[in-house]
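Below are the chains, spelled out letter by letter.
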Amino acid sequence: MQLPQTANTPRNELRQQILREHRKQRQRTTRWVRLTQIALLVAAMGLWELAGRQKWIDVLLFSYPGKIVGLIYEKLIDGSLLPHVAVTVMETVAGFFLGTFFGTALAALIWWSPFLSKVLDPYLVVLNSMPKVALGPLFIVGFGPGIPAIIATTLSVTIIITTLVIYNSFKEVDANMVKVVQIFGGGRRDVFRKVIWPASFPTIVSTLKVNVGLAWIGAIVGEFLVAKQGLGYLIVYGFQVFNFTLVIGSLFMIAMVATFMYQAVAYLERKMVRGKS
């Protein structure tokens, strides 16, 4: 027997209409934001191109988009650019995943042991404030002048930040939720699995986006110091031979690949948060 739904139907229709209007408004806002972003980029590139061709700026130092795109196209055609991109992306991805994994594991370990937390707290603060470039020579001596030293430099940038952010997220979980699990006989493992981890999951996922930028910084800094291949190496080489078009072209490639990687992580974040909810 089907019950009448006359009372609920208008309310449901009103709710659906409000949701549709809200979705449309959000889509309109997103479109305007995208159009404004594209317009700003096109205007900036157009002004730069005009300034370069009209000699309003020193082309030797600042180049211009047409010349940079031509150089990138030339390097792509002769096959000399992609190996450099591949090396830098590999170093960045390795540092990104390793830094996120070990940083999260270290944060969980520190939360698990209050004694260890008190012992390591000043060391983490000091390591976080230390300029990571200064550690580069140590990594070169320890790992050799190659990719392992660059990945170690990337780890030094990502792992400490990840540990501090996630550990602070663990500490800020509502204490009442922890007490509820403890009242029902839950141990520290139950508290972590049922309260701490689920409550901190959005912060952990958001840390992925932060680590994208940090991993790129670590990889490029490492390549400045020791690399014989990679986009960081191309930047240093361009400065040495006074080819600033190559320098800016390498920066363009870093920006494009980093943007793609960031958008991929953002997409993964939306999927993971939606799946968790």
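Everything discussed here concerns the structure shown above.
A brief report on the enclosed structure follows. (Residues numbered from 1 in each chain as written. Predicted model: local features only at pLDDT ≥ 70, side-chain atom pairs only at ≥ 80, totals over all residues. Heavy atoms only, no water.)

1. Re the overall build of the protein chain
The condition is simple: In this text, helices come from DSSP runs of H or I with a minimum length of four residues, and strands from runs of E with a minimum of two, each type numbered from the N-terminal end. A radius of gyration in this sense is built from C-alpha atoms; the matching globule rule multiplies 2.2 Å by the number of residues raised to 0.38. Partly exposed describes any residue whose relative accessible area lies between the buried limit of under 20% and the exposed limit of over 50%, with all areas from a 1.4 Å probe on protein chains only and scaled to the type maximum. Any pair of residues with heavy atoms lying within 4.5 Å of one another is described as a contacting pair. Computed with a 1.4 Å probe, the accessible areas rest on the Shrake-Rupley method; for each residue, only the protein chains presented here act as cover. Under the counting rule used here, the positive set is Lys and Arg, the negative set is Asp and Glu, and His together with the chain ends is not counted. To locate a charge, take NZ of a lysine, CZ of an arginine, CG of an aspartate or CD of a glutamate.
Looking only at helices and strands, the protein chain has 11 helices and 0 strands in total. Here the protein chain has a C-alpha radius of gyration of 25 Å; the compact-globule value for 277 residues is 19 Å, and the former is much larger. Projected onto its principal axes, the C-alpha positions of the protein chain cover 80 × 55 × 30 Å. Burial analysis of the protein chain (277 residues in total) assigns 36% to the buried set. In the protein chain, the proportion of contacts linking residues at least 24 apart, taken out of those at least 6 apart, comes to 71%. Of the accessible surface of the protein chain, which amounts to about 17300 Å², a share of 68% is contributed by carbon and sulfur atoms. Of note, the protein chain has its 27 positive side-chain charges centred 9 Å away from the centre of its 13 negative side-chain charges.

2. Examining the pattern of salt bridges
Using the following cut-off: Within this document, salt bridges are pairs made up of a side-chain nitrogen of Lys or Arg and a carboxyl oxygen of Asp or Glu, the two lying within 4 Å of each other.
Going through the model one piece at a time under the given rule, you end up with 2 salt bridges. The residue arginine 53 makes a salt bridge to glutamate 49 at a minimum N-O spacing of 2.5 Å. Note that arginine 53 and glutamate 49 are positioned in helix H1 (residues 8–53) at a spacing of 4 residues, about one turn of the helix. One salt bridge connects aspartate 190 with arginine 193, and the closest N-O pair in it is separated by 3.5 Å. Linking aspartate 190 with arginine 193, this pair stays in helix H9 (residues 188–226), spanning 3 residues, or about one helical turn.

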